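So the chains spell out like this:
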Amino acid sequence: MDKKSAYTVAVVGATGAVGTEMLAVLKERKFPVDQVIPLASSKSAGGEVPFGDDDIKIKLLTKDSFQGVDIALFSAGANVSKEYAPVAVKAGAVVIDNSSAWRMDPQVPLVVPEVNPHDIAKHQGIIANPNCSTIQMVVALKPLHDQAKIIRIIVSTYQSVSGTGKEAMDELAEQCRQMLNFEDIQSNVYPHQIAFNCLPHIDDFLPTGYTKEEMKMVDETRKIMGDQSIGISATTVRVPVFVGHAESINIETEKKLSVAEARAILSMAPGVQLFDDPSRNLYPLQIDSVGTDSVFVGRIREDESIPNGLNLWVVADNLRKGAALNAVQIAEELVK
Ligand code: NAP
Ligand code: 12T
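Reading the values: rules and limits
Residues numbered from 1 in each chain as written. Chains lettered and ligands numbered in written order. Predicted model: local features only at pLDDT ≥ 70, side-chain atom pairs only at ≥ 80, totals over all residues. Heavy atoms only, no water. Core = buried A, V, L, I, M, F, W, Y, C linked by side-chain atoms within 4.5 Å. Buried < 20%, exposed > 50% of the residue type's maximum accessible area, 1.4 Å probe, protein only. Helix = DSSP H or I, 4+ residues; strand = E, 2+ residues; numbered from the N terminus. Contact = heavy atoms within 4.5 Å. Near = heavy atom within 4 Å. Polar contact = N/O pair within 3.5 Å; in protein donor to acceptor, adjacent residues only side chain to side chain. Areas by Shrake-Rupley, 256 points an atom, 1.4 Å probe, with all protein chains shown as cover. Salt bridge = Lys/Arg side-chain N within 4 Å of Asp/Glu carboxyl O. Pairing = 2+ DSSP bridges. Axes fitted to C-alpha atoms, helices over the stretch in contact; angles between N-to-C directions. Nonpolar A, V, L, I, M, F, W, Y, C, P; charged D, E, K, R; others polar. Phe/Tyr/Trp six-rings, centres within 6.5 Å; stacked < 30°, edge-to-face > 60°.

### Concerning the nonpolar core
Across soluble globular proteins, nonpolar side chains show a tendency to be buried alongside one another.
No. 1: If you look at the biggest cluster of nonpolar residues, it comprises 56 residues, and the most contacted ones within it are Phe 66, Leu 141, Ile 153 and Leu 312.
No. 2: With 8 residues, the top contributor of residues to this core is helix H3 (residues 132-148).
No. 3: Not counting residues up to four positions away in its chain, the partners in contact with Ile 153 are Met 137, Leu 141, Thr 221, Ile 230, Gly 231, Ile 232, Ser 233, Ile 249, Asn 250 and Ile 251.

### Overview of the site of ligand 1
No. 1: Around ligand 1 sit 28 residues, and of these Thr 15, Ser 41, Ser 44, Cys 132 and Gly 322 come closest.
No. 2: Within the contact set of ligand 1, an oxygen atom lies 2.5 Å away from a side-chain nitrogen or oxygen of Ser 41.
No. 3: Contact distances for ligand 1 include 2.5 Å between an oxygen atom and a backbone N or O atom of Cys 132.
No. 4: When the free accessible area of ligand 1 is taken as 920 Å², the share hidden by the protein chains comes to 79%.

### Some remarks on the pattern of salt bridges
No. 1: Scanning the entire structure with this criterion turns up 21 salt bridges.
No. 2: Here Asp 293 makes a salt bridge to Arg 29, at a shortest N to O gap of 3.9 Å. Of this pair, Asp 293 sits in the loop between helix H7 (286-289) and strand S13 (295-302) while Arg 29 sits in the loop between helix H1 (17-28) and strand S2 (33-40), placing them 264 residues apart in sequence.
No. 3: Since its relative accessible area comes to 30%, Asp 293 is described here as partly exposed.
No. 4: Here Glu 183 makes a salt bridge to Arg 177, at a shortest N to O gap of 3.2 Å.
No. 5: Residue classification places Arg 177 among the partly exposed residues on the basis of a relative accessible area of 36%.
No. 6: What you see here is one network of salt bridges that share partners, running through Glu 21, Glu 28, Arg 29, Asp 293, Arg 320 and Glu 332.

### Some details on the sheet that holds strand S9 (residues 150-158)
No. 1: In space, the 6 strands of this open sheet follow the order S10-S9-S11-S14-S13-S12, with mixed pairing throughout. Edge positions in the sheet fall to strand S10 (231-235) and strand S12 (272-274), since each of these pairs with one other strand and no more. Each neighbouring strand pair of the sheet contributes to a mean axis angle of 25 degrees, computed without reference to strand direction.
No. 2: Here H3 sits on the sheet in contact with S9, strand S11 (245-253), S12, S13 and strand S14 (309-316), set at roughly 25 degrees to S11.
No. 3: The sheet strands contacting helix H6 (residues 259-268) are S12, S13 and S14, and the helix crosses S13 at an angle near 170 degrees.

### Some words on the site of ligand 2
No. 1: Neighbouring ligand 2 are Asn 98, Ser 100, Arg 103, Asn 131, Cys 132, Gly 163, Thr 164, Ile 202, Asp 203, Glu 213, Lys 216 and Arg 238.
No. 2: At 2.7 Å, a side-chain N or O of Arg 103 approaches an oxygen atom of ligand 2.
No. 3: When isolated, ligand 2 has an accessible area of 320 Å², and the protein chains bury 80% of it.
No. 4: Partitioned by chemical class, the residues of the shell around ligand 2 number 2 nonpolar, 5 polar and 5 charged.

### Considering the packing of aromatic side chains
No. 1: A full pass over the atoms with the stated rule returns 4 aromatic pairs.
No. 2: Ring geometry for Tyr 7 versus Phe 31: centroids 6.2 Å apart, planes at 45 degrees, classification tilted. Here Tyr 7 is found in strand S1 (residues 7-12), whereas its partner Phe 31 is found in the loop between H1 and S2, with 24 residues between them in sequence.
No. 3: The class for Tyr 7 is buried, based on a relative accessible area of 2%.
No. 4: Owing to a relative accessible area of 6%, Phe 31 belongs among the buried residues under this scheme.
No. 5: For the ring pair Tyr 158 and Trp 313, a centre distance of 5.1 Å and an interplane angle of 65 degrees mean the geometry is edge-to-face.

### Some remarks on unusual backbone geometry
No. 1: Residues other than glycine seldom take positive phi values, yet Lys 30 does so here, at roughly 50 degrees.
No. 2: Here Lys 30 is to be found in the loop between H1 and S2.
No. 3: The exposed category is assigned to Lys 30, whose relative accessible area is 72%.
No. 4: A positive phi is found at Phe 196, a non-glycine position, where the angle reads about 55 degrees.
No. 5: One can find Phe 196 in the loop between helix H4 (166-180) and helix H5 (212-225).

### Regarding the sheet that holds strand S5 (residues 59-60)
No. 1: As summarised here, the arrangement of the 6 strands in space is S5-S2-S1-S6-S7-S8, forming an open sheet in which the pairing is parallel. Whereas interior strands pair on both sides, the edge strands pair on one side only; in this sheet they are S5 and strand S8 (126-128).
No. 2: Where S1 and S2 come together, 6 bridges link them in parallel fashion. The partner of Tyr 7 across the bridge, within S2, is Val 33.
No. 3: Sheet strands touched by helix H8 (residues 320-335): S1, strand S6 (71-74), strand S7 (94-97) and S8. Its angle to S7, the strand with the most contacts, is close to 155 degrees.

Have a look at this one:
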């Protein structure tokens, strides 16, 4: 990519939960933007989105949207990415894609800047942003893997509704209102009531009984960590939280790591903030992660059932580090 003093950046899906955050993060981090082009469907085209103090006109996404675009941040679902990312690349843009469309393509780097920034250089036009649950897990685990080699990961997630998008956030709010007014509960986005409930179901089920979200955590973690030998088993659960994902993670390592050693490693780790003082009731909470950039780690304990095991509780803002922030960090690496 040619070095410039400022870049033309298209945001595909600019009105969505992730796209809105992308515009905010670009502004906040003073990404060298010459022009921002917000793109969306006919539902929102013609309206405006805020970019700092300005309101910018939303344009309709078409095959001609990418003339003169240097960087295209995609966050409008896998179907849009499959159709339009190659069009953007052909027009000369580098695509940073937030959907699942390209993540496991061997030609496409799958990048978390704290973990595998060097994979960016291998791109052929598209760079994929991993799944939100995977991103926060690998930021916390890579430094431990480097020191003690992780053999096996067992993870259960507690994922917020914002991972699904705007409509799911509205559904949780509306169902809470219905509950507290003793009205019937209407479910449209999820197959069951999400208010005051947990659903062990994220993305579609596969014939194996796992969900696609669970297998993203398996496949993407191995690709990002560059280690196909790690055993991974995931259970992904939707919880009635608006923003912020939490994960209960159990790891088995080749080399023994004490809790003190794990704390020392994580206290130095890029993008990680330790938040671990049970004596003062301090541990990471989803509501505290909202609007922040770190991956928070707490509840570090030895797994006493095996010789070399640890348990951790890992929390991050899924719309920021899990999506928009990670994508903008990739863009920052790209223009460095
Ligand atoms: P959302 O709140 O539902 O927003 C969807 C966005 O896509 C809106 O801006 C919408 O524009 C736009 N869009 C939909 N269909 C389109 C079309 N045919 N042409 C142009 N624009 C279209 O969803 P979200 O939570 O922001 O997520 C968007 C996508 O990002 C997801 O589907 C997923 O692939 C990805 N994502 C990734 C992660 C991650 O793990 N890293 C996390 C969350 C989401 P309108 O206003 O015109 O409808
Ligand atoms: N179904 O980017 O519903 O693969 O929380 C991210 C979040 C897919 C993805 C969710 C999903 C993705 C969700």
